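Observations on the model geometry
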Amino acid sequence: MKGRIIFATGNADKVREIQMIMEDSGMEVISMKEAGISIDIEENGSTYEENALIKARAVARYTDAIVMADDSGLEVDHLNKEPGIHSARYLGEDTSYRIKNQNLIDRLKGVPDEERTARFVCAIAAVLPDGRELTTRATIEGRIDYEERGSHGFGYDPIFYVPEFHKTTAELTEEEKNKVSHRGKALRLMKEELKTL
Ligand code: ITT
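About the cut-offs
Each chain has its residues counted from 1, running along the sequence as written. In keeping with the model being predicted, local features are shown solely for residues with a pLDDT of at least 70 and side-chain atom pairs are shown and tallied solely at 80 or more, while totals for entire chains, interfaces and linings include all residues. The basis for the side-chain values is all heavy atoms of the structure; hydrogens and waters are excluded. Put simply, DSSP H or I for four residues or longer makes a helix, DSSP E for two residues or longer makes a strand, and each gets a number counted from the N terminus. The buried label applies to any residue whose accessible area, calculated with a 1.4 Å probe on protein chains only, is under 20% of its type's maximum; exposed applies above 50%, and partly exposed to all values in between. For this analysis, residues touch if any pair of their heavy atoms sits within 4.5 Å. We call a residue near a molecule or strand as soon as one heavy atom of that residue lies within 4 Å of the molecule or strand. A 3.5 Å cut-off defines polar contacts: any pair of N or O atoms within that distance qualifies, except that in protein one atom must be a possible hydrogen donor and the other a possible acceptor, and neighbouring residues in sequence count only when both atoms are side-chain atoms. Only the protein chains shown count as cover for residues, and all accessible areas are computed by the Shrake-Rupley method using a 1.4 Å probe. Amino acid classes used here: Ala, Val, Leu, Ile, Met, Phe, Trp, Tyr, Cys and Pro are nonpolar; Asp, Glu, Lys and Arg are charged; the rest, including Gly, are polar. Buried Ala, Val, Leu, Ile, Met, Phe, Trp, Tyr and Cys residues that are joined via side-chain atoms within 4.5 Å together make up what is termed a nonpolar core. Pairing between strands is defined by DSSP: at least two bridges between the two strands are required. In this scheme, a helix's expected span is set at 1.5 Å multiplied by one less than its residue total. Only Phe, Tyr and Trp rings are paired, with Trp represented by its six-membered ring, and only when their centres lie within 6.5 Å; those with planes under 30 degrees apart are stacked, over 60 edge-to-face, the remainder tilted. For a Lys NZ or an Arg CZ to count as sitting over a ring, it must be within 6 Å of the ring centre and within 35 degrees of the ring normal.

Quick notes on the environment of lysine 14
Tracing the sequence through the fold places lysine 14 in helix 1 (residues 12-21). Residue class for lysine 14 comes out buried when judged on its relative accessible area of 8%. C-alpha of lysine 14 to C-alpha of phenylalanine 154: the two residues are 140 residues apart in sequence and 8.6 Å apart in space. With residues up to four places along the chain from it excluded, the contact list for lysine 14 reads Thr9, Lys55, Asp70, Asp71, Ser72, Phe154 and Arg183.

Topic: the site of the ligand
Neighbouring the ligand are 21 residues; Thr9, Lys14, Lys55, Tyr97 and Lys177 lie closest to it. Contact distances for the ligand include 2.6 Å between an oxygen atom and a side-chain N or O atom of threonine 9. The contact in question runs from a nitrogen atom of the ligand to an N or O atom on the side chain of aspartate 157, over 2.9 Å. In isolation the ligand exposes 610 Å². Once the protein is present, 92% of that is buried. At the level of elements, strand 3 (66-76) and helix 5 (182-195) are the ones that each hand at least two residues to the shell around the ligand. The element contributing the most residues to the shell around the ligand is strand 3, with 4 residues. In terms of residue class, the shell around the ligand is made up of 5 nonpolar, 8 polar and 8 charged.

A closer look at the nonpolar core
Counting 19 residues, the largest nonpolar core has Ile5, Phe7, Met22, Met68, Ile124, Leu187 and Met190 as the members making the most contacts within it. Secondary-structure elements contributing two or more residues to this core are strand 1 (3-7), helix 1, strand 2 (27-31), strand 3, strand 5 (117-127), strand 6 (133-144) and helix 5. Excluding its chain neighbours within four sequence positions, the residues that come into contact with methionine 68 are Ile5, Ile6, Phe7, Ala8, Met22, Ala56, Ile124, Ala125, Ala126, Leu187, Met190 and Leu194. Counting residues in hydrophobic clusters, the runner-up holds 16 residues, among them Leu74, Leu108, Ala118 and Ile144.

Things to note about the pairing of strand 5
Most of strand 5 is tucked away, with 10 of its 11 residues classed as buried. Here 10 bridges tie strand 3 to strand 5, and the two strands are oriented antiparallel to one another. From the neighbouring strand, glycine 73 faces strand 5, where its bridge partner is valine 121. Two strands pair when backbone bridges link them, and strand 5 and strand 6 are joined in this way by 11 bridges, in the antiparallel orientation. When the bridges of strand 6 are listed, alanine 125 appears paired with threonine 135. Where strand 5 hands over to strand 6, the hairpin turn is made up of 5 residues, of which glycine 131 adopts a positive phi near 95°.

Points about helix 2 (residues 48-60)
With 13 residues, helix 2 should reach 18 Å at 1.5 Å per residue; the first-to-last C-alpha distance of 18 Å fits that figure. Check the buried side of helix 2 and you find it contacts strand 1, helix 1, strand 3, strand 4 (82-84), strand 5 and strand 6.

Brief notes about the packing of aromatic side chains
Applying the stated rule across the entire model yields 2 aromatic pairs. Geometrically, the ring pair formed by tyrosine 97 and tyrosine 156 is edge-to-face, given 5.0 Å between the ring centres and 90° between the ring planes. Of this pair, tyrosine 97 sits in helix 3 (residues 97-107) while tyrosine 156 sits in the loop between strand 6 and strand 7 (160-162); the two residues are 59 residues apart in sequence, bridging distant segments of the chain. For tyrosine 97, a relative accessible area of 28% corresponds to the partly exposed category. Between phenylalanine 120 and phenylalanine 160 the ring centres are 4.3 Å apart and the planes differ by 35°, which places this aromatic pair in the tilted class. Residue phenylalanine 120 is located in strand 5, and its partner phenylalanine 160 is located in strand 7; the two are separated by 40 residues in the primary sequence. The exposure class of phenylalanine 160 is buried, given its relative accessible area of 0%. Here arginine 116 stacks its cationic end above the ring of tyrosine 146, 3.8 Å away from the centre of that ring.

As C-alpha cells, this is what we get:
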C-alpha cells in the first residue's frame, strides 16, 4: 500500500517516533495538525484498542487518506496496572512528568525489584478509505526504576528500566527504543497487515 497516512495524535513525541518507525514503509506519515485537522477528541473507551479507534475514526471523517492512531500507556503491576489507559491524564494532563514519575517512584518505595514489574502497552488503529478498520497491540516488559535516568524519549521513559539493556528507555537511542518498544512492535505488525490488503 502506498500513499499518505494521517496520524490522529496531538502528541509530537509520538509523531517523531512513528515517522522513524514508518520510514521504510514507502508511506508518508503526517500528523493531524500538519493535515490541518484540529479537533478535540474525547477518549472515553475502556481499552487501548477502543481509544485508538475513537481517535482514528474522528479524524477519518475529515479525510480520504488512511488514518492511524496510537493509544498507549504504562501498566505498573504493583499498582493494579495503574495508570494504564489513563497514563496521559495521571495526576492531571498538565502535570509535569517529573512529578508523575516521582509520584510512581514514591508509591513503590520499599517494593523489591521483582515486584516492580511494569509494561508499556500500545494499540495502533487504522481506518482505511473504504471504511475497513484494523487494530494491533504490542508491549514491552520492564520495571519501575528507583530514580529518573536518561533524557531521550518522553513521558514515563526515564523511570522505565529494561533489564536486558540495563537502561531505562530514556537512556536508549531513538533507534534502539523503536526496535524493542511497544510502539515499534505494534506499528510493524500494522505495516505487515497493510501489506496483505
Ligand atoms: P494522543 O491521544 O493525542 O495520541 P496522548 O499523549 O494523550 O496523545 P495517550 O492517550 O495514548 O496519548 O496516552 C499515552 C501516555 O502514555 C503518554 O502521554 C505517556 O504518558 C505514556 N506513554 C505511552 N507511550 C510511551 C512511551 O513510549 N514512553 C513514555 N511514556 C509513554
